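# Remarks on the overall topology
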Amino acid sequence: SDEHSVLMKIDREGRTRTVNLMAPKKWESHLWDAEDQILKFIGNQRRIRSNYYFNDPVAALVCVSKSFDFMDRIEEMALEKGVKLVVNYEPHIQLILWGAREFINDIHSFIKSLVNEKILPLLSTVQFNGRHIYSSLFDSKEFIAFNSQLKDDFCSCVLSYQIVLKKNENGEKEDSPKSWFWVNDEKQLIPYPEDISKKLMAYSARSSYVSYRCEGRRYNLDASSMCQINIETGAKRKILCCPAVYQWYYIDLKSFDFKPYKLSISKELEATYKSGRDFHSLSYNGEKYTFDLKEFVQIAPYEVPIKREPTAVLPPEKKVEVENEVEIYLRGPKENLASAQLKVMENLKSMITKEEIELPSDSTPRWEALLKQIAKSRGLLISSDAVPGQARKISIEGPQDVVNSTVIKLQSEIINFHSSYAGTAVPEKPVEWDEQTDVVEMFEVSRYSEEWRNITSQFKETLPEADVKSIKRIQNKWLWERYVQHRKRVDTKNSGRVNEKSLFHGTSQTRPDQIFSSEEGFDKRFSEKGLWGEANYFAENASYSDHYAFTTYNGDKQILLARVITGDSITCDQDRELRMPPKKPSMDSNLDQKYMYDTVKGFTGGSTVYMTYSNEKSYPAYLIQYRFSPYLAAQYRPTAPQYRPAVPQYRPAAPQYRPAVPHYRPAAPQTKPFAQPTGTTQPVAQPKATPKTSQR
């Protein structure tokens, strides 16, 4: 204020401070200059909180390590500037600063120069091949704890690992493009934009900690834990980097949703797009299609927008890669890398165990193959030893926790084998079933498993727009035992013609758990009479059962996928009075017909359907929960005027088909009786009622 010859007075009221500036009118410009400088001074002196994030997690380790003096230099500068400094270690290392904005900016610049000029030259990344190392070990709790100890002892850490692609017949590595995806609240894989995905692929190869912007928001990507962190809110989401197949989509003019092209068309468009050409033509169902791949438009036979989007090709569940299949990336100070690498290999090898199981002397080759299939499905190495004069054994090798659970599973199978051989009937369970303690239990099917892919493939053949949210395996011991026993009877009766199928069933207003948790399962006594009478109806197409799906409180739909013994089936005309399948024709016309067909087959609603008239022929195997394209409808629905043709072009004017109403209905006043004239006793003739004419 003295510099600008301005009088300043500060009024204090509680916690509020008011600055009053006064000056003669001729010095009014001095007043504005003084105000500007005071506001700038207050802004610079205001105490704020600011976080400093390290792009390289190992650089952060070295910076805060007591083995180096970098943190002492930063704390000394913060103390000099009057800035409070705190180190936060979870979920990742960051420096939290409180103080004046200008001083915090100075400290940020100092830390950045310190990292670039002093710390990064000390670091290096080593890549080595882990022989006989299972990739699943890196996700175990033991290795995560070991990696934390590695950070304390060597200021180093395993950033990531990568499965080495196997070589093909020509000796070249099989290569498939990869893309990045994030997992939303409904456990859907949502692809990043192509430019962001390419940046993440390039950055993650150099560092496991990446900062980037997407849709106006700033995120940190932690490749070691495979999660995305919103810097503003701290919210975390799982991410995934996996091989991707690019699928092409077009706008459907009826639903205004993006729908996928046929696989053959999509492959042609992708090949042309990668070759760099802008236009592509092809013929499909007798029509010629033309595409502008630069503007992403289908030109002929009609013009609609198109798009290209990656689809994740997920690895099978619990697939464990071994023997020269895993490349490990270790980063830390150059002088510590050799010791850290040796420590990593020793720790990983100590987590691998080997167990032997003795086989029954009377076991069959088919049963032994079943045991090996169980072990291989869990990603374990399995071998069998046959020494003359000794009991046969199988040995399994792999991560300790997986081996222990597999040994328990195999031992229970051996007990079941002895029981069945001794005459106690123990029905075989499906290989994919998990261990259970209760009679009825449900298990979530992993999205990465072969089991999930088989079910969704069958489901999406007729419902490609549906988004499968979850698949739960139903394990009901009582229903399964009854089903297996009936299957054996059908096998004996039909000389091996069981014809077991996986078919869909909608429960309509009945909750699915009332069926699969009951003792009877599918019960035709509660079924209404359908086109083929009172029976349990099952469909080959999921689109048919979708009309009878059960709707949950949040709008999701649920249908059952059942195992059905169709046996010898007969195609019949619709008959609502049908109560059982017809009898089979006898070879001898003089003899009575002995056996009936097992099921009745028909076609309705665009699907082949099977009707069972006994409850034992079906087992509720899976509960599928889904809904129709909520993501695509919200993200890619175009504005209606841009793609919807004018309505008058397809719909004629309504008056052309609807006759005028007065032509059929007389005016209201004519239906009222006339008033009786005064002074006469003669009744006035009433008008004749106009006859009604049907509009049908």
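Our structure's up above, just so we're on the same page.
What you are looking at is a predicted structure, and each value in this text was computed from that prediction instead of being measured.

### Notes on the packing of aromatic side chains
Any two aromatic rings considered together are summarised by their centre-to-centre distance and by the angle between their planes. Using the criterion set out here, one finds 18 aromatic pairs in the structure. Between W248 and F296, the aromatic rings sit 5.8 Å apart at their centres with planes inclined by 20°, giving stacked as the arrangement. Placement of the pair is W248 in strand β13 (residues 236-251) and F296 in the loop between β16 (287-292) and β17 (297-300), with a sequence separation of 48 residues. For W248, a relative accessible area of 0% gives the class buried. Taking the relative accessible area as the measure of exposure, F296 reaches 26% and is therefore partly exposed. Seen in terms of ring centroids, Y483 and Y619 are 6.2 Å apart; in terms of plane orientation they differ by 45°. Their pairing is tilted. You can see Y483 sitting in helix α12 (residues 477-493) and its partner Y619 sitting in strand β32 (residues 618-628), a full 136 residues away along the chain. Classification of Y483 by relative accessible area gives buried; the value is 0%.

### Looking at the nonpolar core
By size, the foremost hydrophobic cluster in this structure holds 37 residues, and its most contacted members are F459, I559, Y619, I624 and Y626. When residues of this core are traced back to their parent elements, those giving at least two are α11 (450-460), β24 (466-476), α12, β25 (500-505), α13 (513-516), β28 (557-565) and β32. With residues up to four places along the chain from it excluded, the contact list for F459 reads A466, V468, F504, A542, I559, I624 and Y626. Y52, M71, A78 and V83 belong to the second-largest nonpolar core, a separate cluster that totals 29 residues.

### As for helix α7 (residues 263-275)
Under the 1.5 Å per step criterion, the end-to-end length of α7 is 18 Å for 13 residues, consistent within 8% with the ideal 18 Å. Regarding α7, the residues found buried are I265, S266, L269, E270 and T272. One face of α7 carries all of its buried residues, which in axial projection span an arc of 165°. In α7, the exposed positions that point more than 90 degrees away from the buried face belong to L263, K267 and K274. Where α7 terminates, the next one or two residues include G276, which has phi positive at roughly 95°.

### Some points on the packing of helix α3 (residues 70-81) against helix α4 (residues 101-119)
In contact at an axis separation of 10 Å, α3 and α4 are set at 165° when each is read in the N-to-C sense. The angle between α3 and α4 places the two elements in the roughly antiparallel class. Seen from above, α3 lies across α4 with right-handed handedness. Of the residues in α4, those touching α3 at F70, R73, I74, M77, A78 and K81 are F103, D106, I107, F110, I111, L114, K118 and I119. Across the contact of α3 with α4, the residue classes break down as 10 nonpolar, no polar and 4 charged.

### Topic: helix α8 (residues 337-350)
For α8, spanning 14 residues, the distance from its first C-alpha to its last is 20 Å, which sits close to the expected 20 Å at 1.5 Å a residue. Every buried residue of α8 is listed here: L337, A340, V344, M345, N347 and L348. Down the axis of α8, the buried side of the element spans an arc of 165°, and every buried residue falls inside it. In α8, those exposed residues whose orientation departs by more than 90 degrees from the buried face are A338, L342, K349 and S350.

### Details of unusual backbone geometry
When glycine is set aside, most residues are seen to have a negative phi, and most peptide bonds are trans. The omega torsion of the bond from A300 to P301 falls at 5°, within 30 degrees of zero and hence cis. Mapped onto the elements, P301 comes out in the loop between β17 and β18 (304-312). One non-glycine residue, S495, lies in positive phi territory at about 60°. Tracing the chain through its elements places S495 in the loop between α12 and β25. Overall, the relative accessible area of 66% leaves S495 in the exposed class. In this structure, S508 is a non-glycine residue whose phi angle is positive, near 60°. On the secondary structure map, S508 appears in the loop between β25 and α13.

Conventions used here
- Residues numbered from 1 in each chain as written.
- Predicted model: local features only at pLDDT ≥ 70, side-chain atom pairs only at ≥ 80, totals over all residues.
- Heavy atoms only, no water.
- Phe/Tyr/Trp six-rings, centres within 6.5 Å; stacked < 30°, edge-to-face > 60°.
- Helix = DSSP H or I, 4+ residues; strand = E, 2+ residues; numbered from the N terminus.
- Buried < 20%, exposed > 50% of the residue type's maximum accessible area, 1.4 Å probe, protein only.
- Core = buried A, V, L, I, M, F, W, Y, C linked by side-chain atoms within 4.5 Å.
- Contact = heavy atoms within 4.5 Å.
- Expected span 1.5 Å × (residues − 1).
- Arc of directions from axis to C-beta.
- Axes fitted to C-alpha atoms, helices over the stretch in contact; angles between N-to-C directions.
- Parallel < 35°, antiparallel > 145°, perpendicular 65-115°, else oblique.
- Left-handed = near helix turned anticlockwise from the far one by under 90°.
- Nonpolar A, V, L, I, M, F, W, Y, C, P; charged D, E, K, R; others polar.

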